[in-house]
Amino acid sequence: MKTVKTVSELSKWLKKEFINDRSLGFVPTMGALHAGHLSLLKRSVKENDITACSIFVNPIQFNNPEDLTEYPRMPHKDASMLEENNCDLLFIPSVEEMYPDDNYKKYDFGSLENIMEGAFRPGHFNGVAVVVDRLLRLLKPSKAYFGLKDYQQFLIISEMVKQEGHKVELIGCPTVREDDGLAMSSRNLRLNEKQRKDASKIYDALIFAKNNHDKYSVKELKDIIIKKLNNIPDSKVEYVEFADPQTLQPKSSFAGENGSILCVALFIGNIRLIDNMKLCR
Ligand code: AMP
C-alpha cells in the first residue's frame, strides 16, 4: 500500500496507476478504523481494480470543539488494517493540505439539511459536503463507498454529487454491528465499560420498533422509543424520528409505499451516538 500525504503526491500516484483506465474505488473515512469501515473497503476491493482510502478528521464538520479534540486518532494502526485488507492507496492529508484557504462553498440542501443531524449539528453537513466534494475532485473515483449508518449523510452526499455533477457511483453499505447490536462507531471507543454495555440498548429499542410498529401510531411508538432510550443509564435523547427513507421528512403515519426509517441520536455521558433502522410495512 502506498501512503501519500499531499495533493501533489496523490496526483502523481494517480497518474501512474491509471495508464490502463483501471477503475478506482474510494472509501473516505476519519480513521480509528473498525469492521464497519473495513466492510466498505472490502466491497471496494472486490468491485474495483484499485482501492483508495482517505483518513482525514475534517475540522469543518465538527460543530462541537470538544468532539473534534477528543476524536480518536490512530493512524499507524489504521494503516496496518488497510494494508492487511488490500487497500492500494492511503491518502492522509493535513488540514493545511485540504484547506489552503478558508473559502468554503455554502450548499443548499433544502429540507434535507434542517432536520435531525442537520438541526442538531449546525454546519455539519456543509462541512461533510465540502470535504467529500474536494476528495472526489482530487481522486475522481468510479465508485465511492459510504455507510448507511450515517443515513442522512448518504442522502446529503448524493445531493451534493448531483449538484456538482460528479461522475461517481455512490454505494451505500449496510451498518455493521457489534455482537450485542451496537452499531460500530469510532466514538464507541470513548464509552467506558458500563456505558459501552448499556449502549446495546439502543439496538434493542430499534428492534422493538421494527417488530412492533404495526401495533402503534407514530406518536405512540415515538414516545415509547424516547422512553426506552432515556432509560439507558447516563443517557439523553436528542431526537427520535420516524421518517420517509427517500425524503427524510417526518411521517405522521406508518402508511405509504416507501416504508419508514427510524433515526435516533442520543448522548451516553458526553458521547453522542446515532443509529437507524428501516421498518418494512
Ligand atoms: P467515519 O470515519 O465515521 O467518517 O466513517 C467513514 C465511513 O464509514 C462513512 O461512510 C460511515 O458511514 C461508514 N461507517 C461508519 N461506521 C459504520 C458501520 N458501523 N457500518 C458501516 N459503515 C460505517
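Residues numbered from 1 in each chain as written. Predicted model: local features only at pLDDT ≥ 70, side-chain atom pairs only at ≥ 80, totals over all residues. Heavy atoms only, no water.

A. A look at the site of the ligand. In the vicinity of the ligand lie 16 residues, with Met30, Gly147, Asp150, Val176 and Met184 positioned nearest. In the environment of the ligand, an oxygen atom lies 2.9 Å from a nitrogen or oxygen atom belonging to the side chain of His37. With the chains in place, 92% of the 480 Å² that the ligand exposes on its own is no longer accessible. Elements that contribute at least two residues to the shell around the ligand include exactly β2 (24-29), α2 (35-47) and β5 (143-147). (Near = heavy atom within 4 Å. Polar contact = N/O pair within 3.5 Å; in protein donor to acceptor, adjacent residues only side chain to side chain. Areas by Shrake-Rupley, 256 points an atom, 1.4 Å probe, with all protein chains shown as cover. Helix = DSSP H or I, 4+ residues; strand = E, 2+ residues; numbered from the N terminus.)

B. Summary view of unusual backbone geometry. Here Ala32, not a glycine, exhibits a phi torsion of approximately 50°, which is positive. Mapped onto the fold, Ala32 is located in the loop between β2 and α2. Accessibility expressed as a relative area gives 3% for Ala32, which makes it buried. Positioned with a positive phi, Asp234 is a non-glycine residue whose angle comes to about 70°. (Buried < 20%, exposed > 50% of the residue type's maximum accessible area, 1.4 Å probe, protein only.)

C. Here's a closer look at the packing of aromatic side chains. Taken as a whole, this structure holds 8 aromatic pairs when the rule is applied. Ring plane angle 80° and centroid distance 5.6 Å describe the contact between Phe62 and Tyr71, whose orientation is recorded as edge-to-face. A residue is classified by how much of its surface remains accessible, and Phe62, at 11% relative accessible area, is buried. In this structure Tyr71 comes out as buried when scored by relative accessible area, which is 7%. Measuring from centroid to centroid gives 5.3 Å for Tyr107 and Phe109, while their planes differ by 10°, and the two rings are stacked. Judged by relative accessible area, Tyr107 falls into the buried class, the value being 3%. What makes Phe109 buried here is its relative accessible area of 6%. Members of the aromatic cluster, joined through ring pairs, are Phe56, Tyr99 and Tyr104. If you follow Lys228 out to its NZ or CZ, it ends over the ring of Phe208, 4.3 Å from the centre. (Phe/Tyr/Trp six-rings, centres within 6.5 Å; stacked < 30°, edge-to-face > 60°. Lys NZ or Arg CZ within 6 Å of the ring centre and 35° of its normal.)

D. Structural context of the sheet that holds β2. If you trace the 6 strands from one edge of the open sheet to the other, you get β1-β4-β3-β2-β5-β6, paired in parallel fashion. The sheet is open, and its two edges are formed by β1 (2-4) and β6 (169-173), each paired on a single side. Taken pair by pair, the neighbouring strands of this sheet meet at an average axis angle of 25°, ignoring direction. Strand direction decides the pairing type here: β5 and β6, joined by 5 bridges, are parallel. Counted as the bridge partner of Gly147 is Cys173 from β6. (Pairing = 2+ DSSP bridges. Axes fitted to C-alpha atoms, helices over the stretch in contact; angles between N-to-C directions.)

E. Representation of the nonpolar core in the model. Counting 45 residues, the largest nonpolar core has Val132, Leu136, Leu139, Ile157, Met160, Leu170 and Leu248 as its most contacted members. The biggest single contributor to this core is helix α7 (residues 124-139), with 9 residues. If we ignore the near neighbours within four places in the chain, the residues touching Ile157 are Val128, Val132, Phe146 and Leu170. Ranked by size, the runner-up nonpolar core spans 24 residues in total, among them Leu182, Phe242, Leu266 and Ile271. (Core = buried A, V, L, I, M, F, W, Y, C linked by side-chain atoms within 4.5 Å. Contact = heavy atoms within 4.5 Å.)

F. Structural view of the pattern of salt bridges. Scanning all chains against the criterion turns up 20 salt bridges. The shortest N-O distance in the salt bridge between Glu17 and Lys16 comes to 3.9 Å. Judged by relative accessible area, which is 17%, Glu17 ranks as buried. On the basis of relative accessible area, Lys16 is assigned to the exposed category, the value being 56%. Beyond isolated ion pairs, a larger network of salt bridges with shared partners links Glu66, Asp67, Arg121, Arg187 and Arg190. (Salt bridge = Lys/Arg side-chain N within 4 Å of Asp/Glu carboxyl O.)

Distances and angles like these do not, on their own, reveal function.
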